[in-house]
Amino acid sequence: MEIRQLQYFLMLCNELHFSEAAYKLGISQPTLSQQIRVIEDGLGVPLFDRIGKKTVKTEAGELLEGYALQIVQQLENAKNAIADLRNLNSGQVRIAVLPSDLDYRLTSLLIDFHKDLPNTKVKMIPSIDILNKVLSNEVDIGVGLAIQDDPRLNHIPFYTETYSLYVDNEHDLAMREIISPEDLTNIPLVMYPKGFYGRDLIDDWCKEQKVTIHTVMETGSATSLFQLVKEGIGATIQPSQLIEILKSPNIRAIPIEYSPIRELEIIYRNDKYLNRATITFMKRLEVFFGD
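Description of the structure in this document. Just so you know, these numbers come straight off a predicted model, no measurement behind them. (Residues numbered from 1 in each chain as written. Predicted model: local features only at pLDDT ≥ 70, side-chain atom pairs only at ≥ 80, totals over all residues. Heavy atoms only, no water.)

What about the packing of aromatic side chains?
According to the stated counting rule, one finds seven aromatic pairs in the structure shown. Aromatic side chains phenylalanine 113 and phenylalanine 281 sit 5.3 Å apart centroid to centroid with 80° between the ring planes, which places their arrangement in the edge-to-face category. Here phenylalanine 281 lies in helix α11 (residues 276-290) and phenylalanine 113 lies in helix α6 (residues 107-116), a separation of 168 residues in the sequence. According to the relative accessible area criterion, phenylalanine 113 is buried, its value standing at 1%. In this structure phenylalanine 281 comes out as buried when scored by relative accessible area, which is 1%. (Phe/Tyr/Trp six-rings, centres within 6.5 Å; stacked < 30°, edge-to-face > 60°. Helix = DSSP H or I, 4+ residues; strand = E, 2+ residues; numbered from the N terminus. Buried < 20%, exposed > 50% of the residue type's maximum accessible area, 1.4 Å probe, protein only.)

What follows is the structure, given as C-alpha cells:
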C-alpha cells in the first residue's frame, strides 16, 4: 500500500463522494475508483459501501481511516523535522488564540519574536474554537482558556488571573474599592455573546455565586466592549490585568469579590512534530506572561 493511495483513501473518507474526491485530488473518477479497489483487494475487505448515490465507510474503512491518519501525520512530522534541521530559524508558526488576547496582549511579544527570528513566518488566527483548530491541524498550537484534559492533546498551563468590573469614570460605582457578586445584578453590562469562552466562564461563575447579570449590549470584540464602556453604555467584566495594557484614564477597573479565575494554557496535538520556532514561541509566551 502506497502513501499516495492512503491519501486518495483519506480524501474519499472526507468527501464520501467519488466525483468530489477525485476533483479535489486532481485525478479522474475512474482512477480514484481503481486505486480504492487496489487497496480493497490487498486487504481482502471492502472499505466503502455504495448505497444508491451515497458512499459510506464500512467498519473496515473506519478502522483503516484511523491508522491512515496516523501514518500521514507521522510522514508530515518527518518532513517537518528534516526541513527544520535544514532551515534553522526559518519556517512557520501557526497559533490559534482568543481574539481578546490578540487585541490587547500579544503585539509586543510578536514584535520581539520577529526581531530575533525574522525568517520565521508567524500566523496568528483569532478564534473562539481553538480546540477544533488544533485537532484539525489548522494550527500548530492553541492559546486559550484551560479545557478538560484530552488524551489527544498536550496541555501546558502558564497563567492565572482574576476578573474586574470595568466602568467609566462617571459611573455611579467608579469610586468603589471592591464589588460584590450581588452588586453585579443591578449593573447594566456590555459583554461577549453567549458561546464565547470569556462569557461562558462568567456565566458559570454567576451560577456558582447564585447571581444573574443583565446585558444591554453584546459584541464579540474586546475593543468595541471597552469603547462602549468609555461612552457610558454599560460596564463590562474582563480580566483584571487588562487595565495595565489599556492605559486609559477614562476607565477604571474595580476588583470583584470572590472573582472568577481565568486559567490560560497552551495545547497541541501529542502526535504532532513542533519545529524549533514553535517551541521557542511557546517558551517566550510563558516568560512574557510570567513577567
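Structural notes on the environment of lysine 53
Secondary-structure assignment places lysine 53 in the loop between β1 (48-51) and β2 (54-57). With relative accessibility at 85%, the residue lysine 53 sits in the exposed group.

Comments concerning helix α8 (residues 197-209)
Residue pairs three or four apart in sequence face the same way in an α-helix, which turns once every 3.6 residues. With 13 residues, α8 extends 18 Å between its outermost C-alpha atoms, agreeing within 8% with the 18 Å of an ideal straight helix rising 1.5 Å per residue. Residues of α8 that are buried include every one of Tyr197, Gly198, Arg199, Leu201, Ile202, Asp203, Trp205 and Cys206, and no others. In the segment just after α8, lysine 210 is the residue with positive phi, at about 60°. (Expected span 1.5 Å × (residues − 1).)

Regarding the pairing of β2
Bridging between β1 and β2 involves four bridges; their strand directions are antiparallel. Across the sheet, arginine 50 pairs through a bridge with threonine 55, a residue of β2. The loop that links β1 with its antiparallel partner β2 comprises two residues; one of these, glycine 52, has a positive phi angle of about 60°. (Pairing = 2+ DSSP bridges.)

Remarks on the environment of threonine 278
Relative to the assigned elements, threonine 278 resides in helix α11. Taking the C-alpha atoms as reference points, threonine 278 and tyrosine 163, separated by 115 residues in sequence, lie 30 Å from one another. In this structure, threonine 278 is in contact with Gln92, Val93, Asp140 and Ile141, ignoring residues within four places of it in sequence. (Contact = heavy atoms within 4.5 Å.)

What about empty space enclosed by the protein?
A full pass over the atoms with the stated rule returns two cavities of 30 Å³ or more. When its volume is computed, the largest cavity comes out at roughly 180 Å³. Ser100, Tyr192, Gly198, Gln238 and Arg262 are, among the 21 residues lining the largest cavity, the residues nearest its centre. Broken down by secondary-structure element, the contributors of at least two residues to the lining of the largest cavity are α5 (99-104), α8 and β9 (236-239). In terms of residue count, α8 provides more of the lining of the largest cavity than any other element does, four residues in total. Grouping the constituent residues of the lining of the largest cavity by class yields 13 nonpolar, four polar and four charged. (1 Å grid on protein atoms, 1.4 Å probe; cavity = no way out; pocket = protein on both sides within 12 Å on 5 of 7 lines; lining within 4 Å. Points joined across faces, edges and corners; volume = space filled by probe spheres on them. Nonpolar A, V, L, I, M, F, W, Y, C, P; charged D, E, K, R; others polar.)

Thoughts on the side chain of glutamine 5
With respect to the helices and strands, the residue glutamine 5 is situated in helix α1 (residues 3-15). A distance of 2.9 Å separates the side chain of glutamine 5 from the backbone nitrogen of glutamate 2, its partner in a polar contact. (Polar contact = N/O pair within 3.5 Å; in protein donor to acceptor, adjacent residues only side chain to side chain.)

A few points about the layout of surface pockets
By volume, the largest pocket amounts to about 540 Å³. Taken together, 16 residues make up the lining of the largest pocket; nearest its centre are Leu10, Leu69, Val72, Asn137 and Arg269. Looking at the lining of the largest pocket, the elements that each hand over two or more residues are α1 and α4 (59-87). Here the lining of the largest pocket gets seven residues from one element, more than from any other, and that element is α4. Considered class by class, the residues forming the lining of the largest pocket number six nonpolar, six polar and four charged.

Focus on the pattern of salt bridges
For the structure on display, the rule yields 20 salt bridges. Between aspartate 140 and lysine 272 there is a salt bridge, and its shortest N-O distance comes to 3.6 Å. Residue aspartate 140 is located in the loop between α7 (130-135) and β5 (141-145), and its partner lysine 272 is located in the loop between β11 (261-269) and α11; the two are separated by 132 residues in the primary sequence. Owing to a relative accessible area of 11%, lysine 272 belongs among the buried residues under this scheme. Note that aspartate 150 and arginine 152 form a salt bridge whose closest N and O atoms lie 2.8 Å from each other. For arginine 152, a relative accessible area of 46% corresponds to the partly exposed category. (Salt bridge = Lys/Arg side-chain N within 4 Å of Asp/Glu carboxyl O.)

Things to note about unusual backbone geometry
Only a minority of non-glycine residues have a phi that is not negative, and only a minority of peptide bonds are not trans. Not every positive phi belongs to a glycine, and leucine 16 is a case in point at roughly 50°. Looking at the element boundaries, leucine 16 is found in the loop between α1 and α2 (18-25). The backbone phi angle of tyrosine 258 is positive, close to 55°, even though this residue is not glycine. Relative to the elements of secondary structure, tyrosine 258 occurs in the loop between β10 (251-255) and β11. For tyrosine 258, a relative accessible area of 56% translates into the label exposed.

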